[in-house]
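What follows is the residue order along each chain.
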Amino acid sequence: MRILIAEDHPDNREMLKRRLERRGYEVHAAENGAEAVEKARSCAPDLILMDISMPVMSGIEATKALRQSPEMRKIKIVALTAHAMESARKECMDAGCDDFATKPVDFDGLVALIQKYAA
C-alpha cells in the first residue's frame, strides 16, 4: 500500500514516515498542500494522511483540489488535525476527506485506520 504523508512539520513527517515504512508501507511525503496535490498525481497513493493546517495550500484546499479530479477521487484521504471539535471534523468531511484523526497521533489507532482502507 502506498501512503502519502502531507505534513508541514518535519519531525512529525519523518517520524510517521519511518514508523509506517517499518510496518511495510511504501511512504511518500509532502511538506505542504500544493506539494501534496502534485505528489498525489505522480505517485498515485492508495491513501493520504493530510494535515489540515499547512502553508502554501491547506489540507482542506488540497483535498478539494484532489476531489475535483476523477482519477484522484478514489484515493482515501484521512485528515490529521489538532482540532478535535465536531466542527473541524465536519469541515474535513465536507471537503472530501474519508476519515479524521486527531493529533497528537495515536500511532496504533492510525495503523488500524489505515488497515481499514487497505482492504
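Here the structure is a predicted model, which means the values were calculated and not measured. (Residues numbered from 1 in each chain as written. Predicted model: local features only at pLDDT ≥ 70, side-chain atom pairs only at ≥ 80, totals over all residues. Heavy atoms only, no water.)

1. Some words on the environment of valine 27
1) Next: Note that valine 27 resides in strand 2 (residues 26-30).
2) Next: Along the sequence, valine 27 and aspartate 46 sit 19 residues apart, while their C-alpha atoms lie 10 Å from each other.
3) Next: Ignoring anything within four residues of it in the chain, the contact list for valine 27 reads Ile3, Ile5, Lys17, Leu20 and Glu21. (Helix = DSSP H or I, 4+ residues; strand = E, 2+ residues; numbered from the N terminus. Contact = heavy atoms within 4.5 Å.)

2. Some words on the side chain of serine 69
1) Next: You can see serine 69 is positioned in the loop between helix 3 (59-67) and strand 4 (76-81).
2) Next: Residue serine 69 is classed as buried on the basis of its relative accessible area of 8%.
3) Next: Here glutamate 71 takes part through its side chain, which lies 2.8 Å from a polar atom of the side chain of serine 69. (Buried < 20%, exposed > 50% of the residue type's maximum accessible area, 1.4 Å probe, protein only. Polar contact = N/O pair within 3.5 Å; in protein donor to acceptor, adjacent residues only side chain to side chain.)

3. As for the pairing of strand 2
1) Next: Across five bridges, the pairing between strand 1 (residues 2-6) and strand 2 is parallel. Counted as the bridge partner of alanine 6 is alanine 30 from strand 2.
2) Next: The β-α-β motif built from strand 1, the intervening helix 1 (residues 10-22) and the parallel element strand 2 has right-handed crossover chirality. (Pairing = 2+ DSSP bridges. Right-handed = clockwise from strand over helix to strand, strands pointing away.)

4. A look at the packing of helix 3 against helix 4 (residues 86-95)
1) Next: Contact geometry for helix 3 and helix 4: axes closest at 8 Å, N-to-C directions at 25°. It follows that helix 3 is roughly parallel to helix 4 by the angle criterion. Contacts between helix 3 and helix 4 involve Ile60, Thr63, Lys64 and Arg67 from the first element and Glu91, Cys92 and Ala95 from the second.
2) Next: Class assignment for the residues of the contact of helix 3 with helix 4 results in three nonpolar, one polar and three charged. (Axes fitted to C-alpha atoms, helices over the stretch in contact; angles between N-to-C directions. Parallel < 35°, antiparallel > 145°, perpendicular 65-115°, else oblique. Nonpolar A, V, L, I, M, F, W, Y, C, P; charged D, E, K, R; others polar.)

5. Brief notes about the sheet that holds strand 3 (residues 47-51)
1) Next: The strand order 2-1-3-4-5 describes an open sheet built from five strands, whose pairing is parallel. In this open sheet, the two strands that pair with only one neighbour each are strand 2 and strand 5 (99-102). Ignoring strand direction, the axes of neighbouring strands in this sheet form an average angle of 20°.
2) Next: Pairing of strand 4 with strand 5, which is carried by four bridges, proceeds in the parallel orientation. For alanine 79, the partnering residue across the bridge sits in strand 5 and is phenylalanine 100.
3) Next: Contacting strand 1, strand 2, strand 3 and strand 4, helix 1 crosses the sheet at an angle of about 170° to strand 2.

6. Describing the environment of leucine 16
1) Next: Considering the arrangement of structural elements, one finds leucine 16 in helix 1.
2) Next: Placed 71 residues apart in sequence, leucine 16 and serine 87 show a C-alpha to C-alpha distance of 26 Å.
3) Next: Not counting the four nearest positions on each side in its chain, leucine 16 is found in contact with Ile5, Leu80, Val105, Phe107 and Leu110.

7. Overview of helix 5 (residues 107-118)
1) Next: For helix 5, with 12 residues, the first-to-last C-alpha span of 16 Å sits near the 16 Å given by 1.5 Å per residue.
2) Next: Packing partners of the buried residues in helix 5 comprise strand 1, helix 1, strand 3, strand 4 and strand 5. (Expected span 1.5 Å × (residues − 1).)

8. Comments concerning the nonpolar core
Within soluble globular proteins, side chains that are nonpolar tend to cluster in buried spots.
1) Next: Ranked by internal contacts, the top residues of the largest apolar core, which has 23 residues, are Ala40, Ile48, Met50, Leu66, Ile77 and Cys92.
2) Next: Secondary structure elements with two or more residues in this core: strand 1, helix 2 (33-43), strand 3, helix 3, strand 4 and helix 4.
3) Next: A total of four residues in this core trace back to one element, the largest contributor, which is helix 3.
4) Next: The residues contacting isoleucine 48, other than those within four sequence positions of it, are Leu4, Ala40, Leu66, Ile75, Lys76, Ile77 and Val78.
5) Next: Ile5, Val27, Leu49 and Ile114 belong to the second-largest nonpolar core, a separate cluster that totals 17 residues. (Core = buried A, V, L, I, M, F, W, Y, C linked by side-chain atoms within 4.5 Å.)

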